[in-house]
Amino acid sequence: MPSFEITHRKRLEKAARQAAAKSYSPYSNFAVGAALLTCDDKIVNGCNIENASYGLTLCAERVALARAVAEGHRHFSALFIFTATQTPTPPCGACLQVLAEFAPQLRITAVCDTELTLEGGLDDFLPHAFVR
Ligand code: THU
């Protein structure tokens, strides 16, 4: 693996971990952090933000994406997700569909508190995204 890629992976994992530390998740106690790498090598992260209504909860991946788009980024190459669990947590279907709008080729990596990782292209996680 080229060293620039290892550096990106380390930065992305750190950004996802830092985002998880900011999670507002008093209802589930399940903190999620996500970090997106833009095609011009910027990292934008986000955490899940829960709500007393439950249904209005925002997932970490969509918070990171919304933040990035609002900052002017529309092209992304990689996403890291961190949860403090024994096994990695994949993005939910809703997040995958929203990510597919901007980055159908996105590389997704989920990391956790063990060595286990879950990795693949967005189309591995969501093979038939709805597109128009
Ligand atoms: N969650 C995410 O942040 N990302 C996902 O892809 C799945 C679920 C959050 C939502 C909620 O705050 C908590 O995890 C438990 O479902």
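Rules of the game
Residues numbered from 1 in each chain as written. Predicted model: local features only at pLDDT ≥ 70, side-chain atom pairs only at ≥ 80, totals over all residues. Heavy atoms only, no water. Helix = DSSP H or I, 4+ residues; strand = E, 2+ residues; numbered from the N terminus. Rg over C-alpha atoms; globule rule 2.2 N^0.38 Å. Buried < 20%, exposed > 50% of the residue type's maximum accessible area, 1.4 Å probe, protein only. Contact = heavy atoms within 4.5 Å. Areas by Shrake-Rupley, 256 points an atom, 1.4 Å probe, with all protein chains shown as cover. Near = heavy atom within 4 Å. Polar contact = N/O pair within 3.5 Å; in protein donor to acceptor, adjacent residues only side chain to side chain. Nonpolar A, V, L, I, M, F, W, Y, C, P; charged D, E, K, R; others polar. Pairing = 2+ DSSP bridges. Right-handed = clockwise from strand over helix to strand, strands pointing away.

*Asks:* Is there a simple way to think about the overall build of the protein in this case?
*Replies:* Within the protein one finds four helices and five strands. Along its sequence from the N terminus, the protein presents helices and strands in the succession α-β-β-α-β-α-β-β-α. In summary, the protein has a C-alpha radius of gyration of 14 Å against a globular reference of 14 Å for 132 residues, a match within 12%. In terms of principal-axis extent, the alpha carbons of the protein reach across some 45 × 40 × 30 Å. Of all 132 residues assigned to the protein, the portion counted as buried reaches 41%. Counting contacts in the protein only where the partners sit at least 6 residues apart, residues at least 24 apart contribute 61% of the total. Within the structure as shown, the protein displays about 7600 Å² of accessible surface, and the carbon and sulfur contribution to it stands at 56%.

*Asks:* I tried to follow the site of the ligand on my own but got confused; where do I start?
*Replies:* Neighbouring residues of the ligand: Ser28, Phe30, Val32, Asn48, Glu50, Thr57, Cys59, Ala60, Glu61, Pro91 and Cys92. Here an oxygen atom of the ligand and a side-chain polar atom of Asn48 are 2.9 Å apart. If the ligand stood free it would expose 380 Å²; the protein chains cover 79% of that surface. Looking at the shell around the ligand residue by residue, the classes come out as six nonpolar, three polar and two charged.

*Asks:* Mind showing me how you'd approach the pairing of strand S1 (residues 32-38) here?
*Replies:* In regular strands, side chains alternate between the two faces of the sheet. Burial of S1 is extensive: seven of the seven residues sit out of reach of the surface. Burial of the side chains of S1 extends over both faces: Val32, Ala34, Leu36 and Thr38 are buried on one face and Gly33, Ala35 and Leu37 on the other. Sheet analysis places S1 next to strand S2 (residues 43-47), joined by five bridges and oriented antiparallel. The partner of Ala34 across the bridge, within S2, is Gly46.

*Asks:* Help me understand the pairing of strand S4 (residues 107-111), please; the structure alone is not making it clear to me.
*Replies:* Of all the five residues making up S4, four are buried; the element is thus mostly covered by neighbouring parts of the structure. Each parallel crossover has a hand, and the one from strand S3 (residues 76-83) via helix H3 (residues 93-102) to S4 is right-handed. Of the strand pairs in this sheet, S4 and strand S5 (residues 117-121) are connected by five bridges, and their pairing is antiparallel. The residue of S5 that forms the bridge with Thr109 is Glu119. Following S4, the chain reverses through five residues before pairing antiparallel with S5.

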